[in-house]
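Okay, here's what each chain looks like letter by letter:
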Amino acid sequence: LVIRQFGDRLEMDRMAGDAQLSTGAYITDGKSRSLYKTANEEAFLTARWNKKDLVVTVEHSTRGEVADSSVKDVDVWTLTDGGQTLVHKTSDGKTLVFHKVASAEKDTSNTH
């Protein structure tokens, strides 16, 4: 997991070795934004800081033949252990733990 933050923008890349599995970005200002829309479903994402926790909420609204429904998923990301451990509590009750490792990026500041 590679995380970069630029003001209110937080970017996350999921890696497997050198291969990038997925990428995503959040705007952490607490405003709801459209995530996707299909013929029967629409989802909105909200990301905000709650003290030192990043709270990401996705609300799914589904239009059905009999009734409409809504489901809300809430994930919480917490940095612990002096910034060395990132704990991700998912909306389905799982807990993922990431430990910080030194970056293997090359220093290209002296490259021509």
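Criteria and cut-off values
Residues numbered from 1 in each chain as written. Predicted model: local features only at pLDDT ≥ 70, side-chain atom pairs only at ≥ 80, totals over all residues. Heavy atoms only, no water. Helix = DSSP H or I, 4+ residues; strand = E, 2+ residues; numbered from the N terminus. Core = buried A, V, L, I, M, F, W, Y, C linked by side-chain atoms within 4.5 Å. Buried < 20%, exposed > 50% of the residue type's maximum accessible area, 1.4 Å probe, protein only. Contact = heavy atoms within 4.5 Å.

Participant: Describe unusual backbone geometry, with residues and values.
Facilitator: Of note in this structure, Lys51 is not a glycine but carries a positive phi near 60°. One non-glycine residue, Asp81, adopts positive backbone phi at about 55°. With respect to the secondary-structure elements, Asp81 resides in the loop between strand E7 (69–80) and strand E8 (85–89).

Participant: Can you tell me about the nonpolar core, naming the residues and giving the values?
Facilitator: Leu10, Met12, Tyr26, Ala43, Leu45, Ala47, Leu54, Val56, Val58, Trp77 and Leu86 together form the largest nonpolar core, which totals 11 residues. Mapped onto this core, the elements with two or more residues apiece are strand E2 (9–16), strand E5 (41–50) and strand E6 (53–62). Discounting chain neighbours no more than four positions away, the residues touching Ala47 are Tyr26, Ile27, Thr28, Asp29, Gly30, Leu54, Val55 and Val56.

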